[in-house]
Amino acid sequence: MSSISKSIKNIFKIFLPDSIYIRYEYFKLHRRFYSSKKIETFSDRIFSWKLDNKLANFSTFVDKYKVRGFVSDKIGDDYLPKLIKTISAPEDFELTDMPNKFVMKLNNGCGYNLVVNDKNVLNTASIRKMIRKWLDSDFYALSKEKQYKNVKQLIIIEEFIESSGILKDYKFYCIDGEIEFIQVISERSNGLQRHNYYSKEWKPLEISRKEYPKGDLEAKPALLEQAVKVVEVLSSSFSFVRVDLYIQEKIFFGELTFTPGNGYIIYYPDSFDKLLASKMKLEFKPTK
C-alpha cells in the first residue's frame with residue numbers, strides 16, 4: 001500500500017463513525033454487507049463484538065500491565081515474566097539501568113515490542129525516541145477494537161525469556177473455560193510465519209488459514225498438561241478468550257486476546273469456521 005493510500009485510509013478511520021468504518025472494513029473483507037441477523041462465521045462473530053460497546057469492559061485484561069494482577073490472583077506470580085521496570089515518559093528510561101538482555105513492550109495493542117539480545121548495540125536516545133512514538137500511538141484508532149480504547153499508555157520492561165531455539169507462541173482458543181484448539185506459530189523471522197493446530201491432547205488438526213502455510217509437526221511440549229490446567233483456570237472467567245503462553249522449561253504467560261486477528265481471520269475448512277462461530281456466545285461478558 002502506498003503512503004498516499006495509507007493516509008487516505010487513516011483519514012477515513014479518524015473522521016468516519018466507528019460503526020460505519022467497521023462495517024466498511026467488513027464489506028471490504030467479505031464483499032457483502034454486515035448483518036447482525038446473519039452471524040455464521042468466526043469473522044462475523046468478532047465483527048459483531050467490535051460493534052458492541054460491552055467490549056470496552058475488557059480493557060483491564062488486554063492491558064499488558066494490569067493483566068498481571070489478574071494472572072497473579074488466578075494462578076500466582078510464577079507464570080509471569082519478571083517485571084524489571086515501568087516507564088510512563090521517555091526520560092524515565094536509561095539504558096545503563098537495564099540488564100544486557102530484556103524485552104520492552106507497550107501495554108496497549110500489538111506490534112509494539114522490542115527484544116534486546118545485547119544492549120551494547122543500542123543507545124538511550126534512540127530508545128527514548130521509540131518510547132515517545134509508542135506512548136503517542138493510538139492502537140484503538142487503528143484497530144477499532146473497543147477494549148483498547150481506555151487503556152492508559154505505559155511501557156513495561158520484562159525479563160528476556162531464554163530459549164534453546166525459536167521462541168514459539170502457543171495460543172489456546174477457549175470457550176467457557178474449555179480449550180477448543182491450540183495454535184502454534186513458528187518461523188516468525190523475515191516476515192515468514194507457519195501455523196499448525198492441535199487439540200488439547202496434542203493431536204494435529206486439519207485447520208488452516210490460506211495466508212499461512214503449515215510448518216513441521218511439533219513434538220508435544222513436556223509441560224503441556226500443566227499449560228492446559230493454567231489455561232483452563234485463566235479462561236474460565238470469560239465466554240471466549242485466546243490465552244497465549246510461552247512454553248519452555250518453564251511456562252510463561254503472554255497475553256489475553258478477545259478479538260483475534262481483529263475479525264479478519266477465516267479458517268478452513270468452512271465447516272470448522274462455522275462450527276467455531278456457533279459455539280461462541282454473542283453476549284460478550286465474563287462468565288464468572
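Residues numbered from 1 in each chain as written. Predicted model: local features only at pLDDT ≥ 70, side-chain atom pairs only at ≥ 80, totals over all residues. Heavy atoms only, no water.

Participant: When you look at the overall build of the protein in this model, what are you seeing that I'm missing?
Facilitator: When its secondary structure is counted, the protein shows nine helices and nine strands. Its C-alpha atoms give the protein principal-axis dimensions of roughly 55 × 50 × 40 Å. Each of the 288 residues in the protein was classed as buried or not, and the buried ones make up 48%. Contacts in the protein between residues at least 24 apart in sequence constitute 61% of all its contacts with a sequence separation of at least 6. Within the structure as shown, the protein displays about 14,700 Å² of accessible surface, and the carbon and sulfur contribution to it stands at 52%. Seen as two clouds, the 47 positive and the 38 negative side-chain charges of the protein have centres 5 Å apart. (Helix = DSSP H or I, 4+ residues; strand = E, 2+ residues; numbered from the N terminus. Buried < 20%, exposed > 50% of the residue type's maximum accessible area, 1.4 Å probe, protein only. Contact = heavy atoms within 4.5 Å. Areas by Shrake-Rupley, 256 points an atom, 1.4 Å probe, with all protein chains shown as cover. Lys, Arg positive; Asp, Glu negative; His and termini not counted. Charge placed at Lys NZ, Arg CZ, Asp CG, Glu CD.)

Participant: It is not clear to me how the sheet that holds strand β9 (residues 251-257) should be interpreted in this structure. Could you clarify?
Facilitator: Note: strands within a sheet are paired through backbone hydrogen bonds, in either parallel or antiparallel orientation. Strand order in the open sheet made by the five strands is β7-β6-β5-β8-β9, with antiparallel pairing throughout. Bordering the open sheet on either side are β7 (194-198) and β9, each of which pairs with just one other strand. Pairwise comparison of adjacent strand axes, ignoring direction, gives a mean angle of 25° for this sheet. Of the strands in this sheet, β5 (169-175), β6 (178-186), β8 (240-247) and β9 are in contact with helix α8 (residues 224-235), which crosses β8 at around 145°. (Pairing = 2+ DSSP bridges. Axes fitted to C-alpha atoms, helices over the stretch in contact; angles between N-to-C directions.)

Participant: Which parts of the structure should I look at to understand empty space enclosed by the protein?
Facilitator: It is a probe the size of a water molecule, rolled over the atoms, that shows where empty space is left. Applying the stated criterion to the full structure yields one cavity of 30 Å³ or more. The volume enclosed by the largest cavity comes to roughly 70 Å³. Taken together, K64, V67, R68, L80, P81, K105, I156, E158, F253 and G254 make up the lining of the largest cavity. Contributing elements (two or more residues each) for the lining of the largest cavity: α5 (67-75), β4 (155-159) and β9. Considering only residue class, the lining of the largest cavity consists of five nonpolar, one polar and four charged. (1 Å grid on protein atoms, 1.4 Å probe; cavity = no way out; pocket = protein on both sides within 12 Å on 5 of 7 lines; lining within 4 Å. Points joined across faces, edges and corners; volume = space filled by probe spheres on them. Nonpolar A, V, L, I, M, F, W, Y, C, P; charged D, E, K, R; others polar.)

Participant: In this structure, what is going on with the packing of aromatic side chains? I would like to understand it.
Facilitator: Ring pairs (aromatic) are described by centroid distance and by the angle formed between their planes. Under the definition given, this model contains 31 aromatic pairs. When the ring of Y198 is compared with that of W202, the centres are 3.9 Å apart and the planes differ by 5°; the resulting orientation is stacked. Summarising the burial analysis for this pair, Y198 and W202 share the class buried. Considering the side-chain rings of Y267 and F272, the 5.9 Å spacing of their centres and the 85° angle between planes classify their relative orientation as edge-to-face. For the cation-ring pair, K50 lies above F47, with the distance from its terminal atom to the ring centre recorded as 4.3 Å. (Phe/Tyr/Trp six-rings, centres within 6.5 Å; stacked < 30°, edge-to-face > 60°. Lys NZ or Arg CZ within 6 Å of the ring centre and 35° of its normal.)

Participant: Explain the pattern of salt bridges here, please?
Facilitator: Side chains that carry opposite charge are capable of pairing whenever their charged atoms lie near each other. Enumeration over the complete set of coordinates arrives at 18 salt bridges. Residue K64 pairs with E255 through a salt bridge whose shortest N-O separation is 3.7 Å. Taken together, the positions of K64 in the loop between α4 (59-62) and α5 and E255 in strand β9 put the pair 191 residues apart, joining distant regions of the chain. E162 is the partner of K101 in a salt bridge, and the nearest nitrogen-oxygen pair spans 3.3 Å. Here K101, found in the loop between β1 (83-87) and β2 (102-106), pairs with E162, found in the loop between β4 and β5; they are 61 residues apart in sequence, far enough to count as distant. (Salt bridge = Lys/Arg side-chain N within 4 Å of Asp/Glu carboxyl O.)

Participant: I would appreciate a short explanation of the pairing of β7 in the present structure.
Facilitator: Regular strands show a simple pattern: their side chains alternate between the two faces of the sheet. Most of β7 sits inside the fold, with four of its five residues counted as buried. Bridging between β6 and β7 involves five bridges; their strand directions are antiparallel. Looking at β7, one finds that I185 is bridged to H195.

Participant: Would you take a moment to explain the side chain of Q147 for this structure?
Facilitator: Here Q147 lies in the loop between α7 (139-143) and β4. Within the structure, Q147 has its side chain in polar contact with the side chain of T259 (distance 2.9 Å). Filtering out sequence-adjacent residues up to four positions away, Q147 remains in contact with L55, A56, F58, S59, V62, F258 and T259. (Polar contact = N/O pair within 3.5 Å; in protein donor to acceptor, adjacent residues only side chain to side chain.)

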